[in-house]
Amino acid sequence: MIELKHLSKRYAGDKTGGVIALDDLSLSVPEGSLFGLLGPNGAGKTTTLRILCTLLAPDSGAVTVAGIDALADPRGVRRLLGYVAQEVAIDKILSGRELLQLQGDLYHLQRQARDRRIAELIGLLGMDAWIDRRCGGYSGGMRRRLDLAAGLLHRPKVLVLDEPTVGLDIESRTAIWQVLQQLRDAGTTVMLSSHYLEEVDALADQLAIIDHGRVIATGSPNELKAALGGDRVTLRVREFSSEDEALKVQSLLKDCAGVRQVVVNRAQGFSLNLVIDGDGVVEQLRRQLAEADLPVFALAQSRPSLDDVYLQATGRTLMDAELAVAGSRDAKAERKQSMR
Amino acid sequence: MTTAHPSLEAPTPAAEPSALAEISQETLALTRRLFVQLARRPSTLVAGVLQPLIWLILFGALFANAPAGLLPGGISYGRFLGAGVIVFTAFSGALNAGLPVMFDREFGFLNRMLVAPLRSRSSIVLASVLYITALSLVQSAAIMVTAALLGYGWPGGAGLLLVLVTLLLLVFAVTALSLGLAFALPGHIELIAVIFVANLPLLFASTALAPLSFMPGWLGWLAALNPLTFAIEPIRAAYAGDLSLSTVVLVAPYGTLNTVTCLGILAALAFGLFLAIRPLLDRKLS
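What you see is a predicted model, and the numbers here were worked out from it, not measured in a lab. Think of each chain on its own: its residues are numbered from 1, step by step along the sequence as written. To read the labels, note that chains go from A and ligands from 1, taken in the order they are written. Reporting in this predicted model follows two pLDDT cut-offs: at least 70 for local features of residues, and 80 or more for side-chain atom pairs to be given and counted; totals over whole chains, interfaces and linings ignore these cut-offs and use all residues.

Draft legend 1. Expanded view of the overall build of chain A. In terms of regular secondary structure, chain A is built from 13 helices and 14 strands. Taken along the three principal axes of its C-alpha coordinates, chain A extends 80 × 45 × 35 Å. When burial is assessed residue by residue, chain A has 43% of its 340 residues classed as buried. In chain A, 70% of the contacts between residues at least 6 apart in sequence involve partners at least 24 apart. Numbering of helices and strands runs from the N terminus, with a helix taken as a DSSP run of H or I at least four residues long and a strand as a DSSP run of E at least two residues long. Partly exposed residues are those whose C-beta has more than 12 but fewer than 20 other C-beta atoms within 10 Å; 20 or more makes a residue buried and 12 or fewer makes it exposed, with C-beta atoms placed from the backbone. Placing a C-beta atom from the backbone of each residue, one calls two residues in contact when those atoms lie within 7 Å.

Given below as structure tokens:
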């Protein structure tokens with residue numbers, strides 16, 4: 001349904017000499033799927049979606065939606081797409097209903113059909129209590145639901161959502177998840193970006209993990225996790241180990257039978273992340289540590305998660321990647337990028 | 001191209017509605033939004049009427065006792081000032097045309113419009129032009145009525161038509177300029193600064209407050225090149241009851257201009273400015 005081929009995009013920067021947002025990114029979204037785009041902040045998720053929605057032209061590459069070339073026929077693609085942006089831009093002076101009516105007119109809906117559809121969406125998203133109040137007083141969850149309704153007005157074949165649940169209360173989040181699943185079940189192709197692992201894991205049929213503007217893994221959540229194989233063990237010999245001690249434990253354990261990999265996690269107080277295969281390996285580890293007179297502060301075993309997929313591909317966890325960029329993001333520059 | 005399988009061909013949309021119908025639907029919706037904003041936040045309108053009213057009342061009174069015969073044609077200062085303030089009202093109203101667009105750019109609302117399959121992106125510009133034209137004309141009408149009540153005169157039926165045409169041309173030109181600035185400048189602070197700086201000097205360096213004959217040579221040149229002057233003089237003539245289009249309304253340092261020439265210059269300016277900002281709009285709205 002959506003084909004992105006070899007997309008590259010570089011933002012010109014004043015001081016830094018520019019940022020490469022997308023670096024030869026390609027991905028393919030099957031029709032009728034709920035597709036998750038997972039990656040840390042700054043990975044290129046928003047840029048990808050903005051290019052898909054014809055708000056931004058890539059420096060190179062091709063975009064097609066349902067066989068329509070988005071660069072040659074942007075209007076054709078706009079008709080098929082509903083887009084729910086990350087920063088919800090609403091008109092504070094209008095009521096929610098007036099905003100939906102305006103949006104309906106921009107999509108050329110007939111007046112009666114428009115108002116019928118609005119009533120339908122008000123029911124679907126539980127907005128009747130406040131839809132006739134001015135948008136200026138809406139909470140984050142209300143705004144997001146209104147924006148989702150705006151994206152769905154024209155019954156798009158493809159719904160694109162940029163971080164639809166960031167900062168939302170549980171109730172709004174659950175409401176949005178339900179609507180997305182219903183849409184997918186009714187045949188709409190849904191593409192959403194997220195930096196919440198659980199969200200993508202729970203919702204998506206297919207996903208792509210992106211990092212630094214490139215796709216580093218793609219498939220269904222189960223495929224990706226199964227492809228990694230093995231169980232994950234997080235081991236701390238003390239609450240806070242020194243690097244020396246962690247390296248000592250690493251060399252002690254890395255040759256044990258059933259241990260595939262031992263990584264020292266510097267960001268997490270020099271804990272150790274192990275990948276193990278087979279039964280009885282954990283007991284074996286405990287024995288090994290006891291023989292070497294090393295304590296065990298914590299030892300946890302789990303199935304591989306999407307975070308492990310990310311860790312495997314990039315050498316860091318998603319959370320560490322988030323922290324690494326948290327200080328270096330320039331909100332002003334990003335606002336400029338999205339401004340026409 | 002190979003022959004496509006029938007099911008793979010794009011379905012032909014059921015009788016696409018005409019471009020005109022779609023463009024008017026989107027333009028009307030966008031214009032309605034601007035008017036709803038105005039109705040719920042009328043301070044722009046109030047200030048836009050109040051400011052020229054103060055000019056008219058206070059500035060008009062300033063020279064009430066000036067020696068008779070001071071002004072060409074022996075008219076009172078209030079009568080002289082009327083045309084200037086009417087034009088200034090329309091001008092400063094139209095100069096604000098870019099502000100709603102700028103806020104839409106900054107708050108991302110423009111992106112919401114651009115994601116929609118607008119039949120023509122000109123609808124966004126057209127809505128602004130319709131809105132600001134209506135608003136400027138309402139403000140100008142309020143000033144004209146006040147001027148009449150103050151005893152500064154009222155143009156007749158044909159005179160009104162001349163006033164209307166003149167104001168429309170000026171409003172179109174200034175709106176084009178303001179919309180161009182709204183897309184060229186980085187933010188509303190800069191736009192407001194430009195509006196603020198442009199406003200008063202353009203008023204002073206025109207024939208709104210004093211005739212050319214009162215000014216030193218250099219200022220006379222500036223005033224005789226100022227677009228506001230080309231709008232003020234035909235309206236002043238209309239107020240004086242002189243509706244002949246070939247009457248000389250401005251004796252500029254470079255020659256004499258009649259009403260038709262003034263209107264022609266304004267029309268060329270409006271047309272030229274819209275042409276000039278088109279590449280910018282095409283780029284920003286592509």
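So much for the structure itself; the text now carries on.
Draft legend 2. The domain arrangement of chain A, seen in detail. Note: domain ranges come from an automatic or database domain assignment. Each assigned domain of chain A is listed here: domain 1 (2–225) and domain 2 (230–303). Placing the centre of domain 1 of chain A and that of domain 2 of chain A at their C-alpha centroids yields a distance of 41 Å.

Draft legend 3. Spatial organisation of the pairing of strand β10 (residues 214–219) of chain A. Residues and elements named next belong to chain A. Strands are treated as partners if at least two bridges between them are detected by DSSP. Bridge analysis of strand β9 (residues 206–211) against β10 gives five bridges, and the strand direction is antiparallel. Within β10, the residue paired with Asp 211 across the bridge is Arg 214. The turn linking β9 back onto β10 is made up of two residues, and His 212 within it adopts a positive phi angle of 50°.

Draft legend 4. Region of interest: the interface of chain B and chain A. Each side of the interface is counted separately: chain B has 26 residues, and chain A has 23 residues. Contributing elements (two or more residues each) for the side of chain B that touches chain A: α1 (19–40), α4 (98–107) and α5 (109–115) of chain B. In terms of residue count, the dominant contributor to the side of chain B that touches chain A is α1(B) (eight residues). Grouping the amino acids of the side of chain B that touches chain A by side-chain chemistry returns 13 nonpolar, four polar and nine charged. Note that Gly is not counted as nonpolar here; it falls among the polar residues with everything else outside the nonpolar set of Ala, Val, Leu, Ile, Met, Phe, Trp, Tyr, Cys and Pro and the charged set of Asp, Glu, Lys and Arg.

Draft legend 5. Representation of the sheet that holds strand β4 (residues 60–65) of chain A. Residue and element names in this part refer to chain A. Spatially, the four strands line up as an open sheet ordered β2-β1-β4-β5, and their pairing is antiparallel. Every interior strand has two partners, whereas the edge strands, β2 (19–29) and β5 (68–69), have only one. The pairing of strand β1 (residues 2–11) with β2 spans seven bridges and is classified as antiparallel. Bridging from a neighbouring strand, Leu 7 pairs with Leu 25 of β2. Convention adopted: a line fitted to C-alpha atoms gives each axis, helices being fitted over their contacting stretch, and angles between N-to-C directions are expressed from 0 to 180 degrees. Most of the contacts of helix α1 (residues 45–52) go to β1, to which it runs at about 120°, and overall it touches β1, β2 and β4.

Draft legend 6. Region of the structure containing the environment of A:Gln284. Residue and element names in this part refer to chain A. Inspection of the secondary structure assignment puts Gln 284 in helix α10 (residues 281–291). Separated by 31 residues in sequence, Gln 284 and Leu 253 have C-alpha atoms that sit 9.8 Å apart. Look past the residues within four positions of Gln 284 in its chain and what remains in contact with it is Cys 256, Ala 257 and Gly 258.

Draft legend 7. A look at the confidence of the model for chain B. Residues and elements named next belong to chain B. pLDDT expresses, on a scale from 0 to 100, how confident the predictor is about each individual residue. The share of residues in chain B with pLDDT of 70 or more is 95%, and the mean pLDDT across the chain is 89. Here residues 1–13 is a poorly scored stretch, pLDDT under 50, and it has two contacts once near neighbours within four places are set aside; other chains count. Across the whole predicted complex the pTM is 0.83, and at the interface the ipTM reaches 0.85.

Draft legend 8. Quick look at helix α3 (residues 96–106) of chain A. Where burial is concerned, most of α3(A) is hidden: ten out of the eleven residues are buried. Restricting attention to buried positions, one finds in α3(A) the residues A:Gly96, A:Arg97, A:Leu99, A:Leu100, A:Gln101, A:Leu102, A:Gln103, A:Gly104, A:Asp105 and A:Leu106. At its buried positions, α3(A) is contacted by α4 (111–124) and α5 (140–152) of chain A together with α1 and α5 of chain B.

Draft legend 9. Up close: the sheet that holds strand β13 (residues 271–276) of chain A. All names here are of chain A. Strand order in the open sheet formed by four strands is β12-β13-β11-β14, with antiparallel pairing between adjacent strands. Among the strands making up the open sheet, the edge pair consists of β12 (259–265) and β14 (298–302). In this sheet, neighbouring strand axes are inclined to one another by 20° on average, regardless of whether the strands run parallel or antiparallel. Across six bridges, β12 lies against β13 in antiparallel orientation. Pairing of Asn 265 across the sheet is with Ser 271, part of β13. The strands touched by helix α9 (residues 243–253) within the sheet are β12 and β13, with β12 carrying the most contacts at an inclination of about 175°.

Draft legend 10. Focus on the nonpolar core. Nonpolar cores are identified as sets of buried Ala, Val, Leu, Ile, Met, Phe, Trp, Tyr and Cys residues joined via C-beta atoms within 7 Å. One finds A:Ala149, A:Val160, B:Val87 and B:Leu170 to be the most contacted residues of the largest nonpolar core, which totals 150 residues. Of all the elements, helix α7 (residues 157–184) of chain B adds the most residues to this core, at 14 residues. Leaving out residues up to four positions away in the same chain, B:Val87 has contacts with B:Leu170, B:Ala208, B:Leu228, B:Ala231, B:Ile232 and B:Ile235. Counting 15 residues, the second largest nonpolar core, distinct from the first, contains A:Val233, A:Leu235, A:Val275 and A:Leu285.

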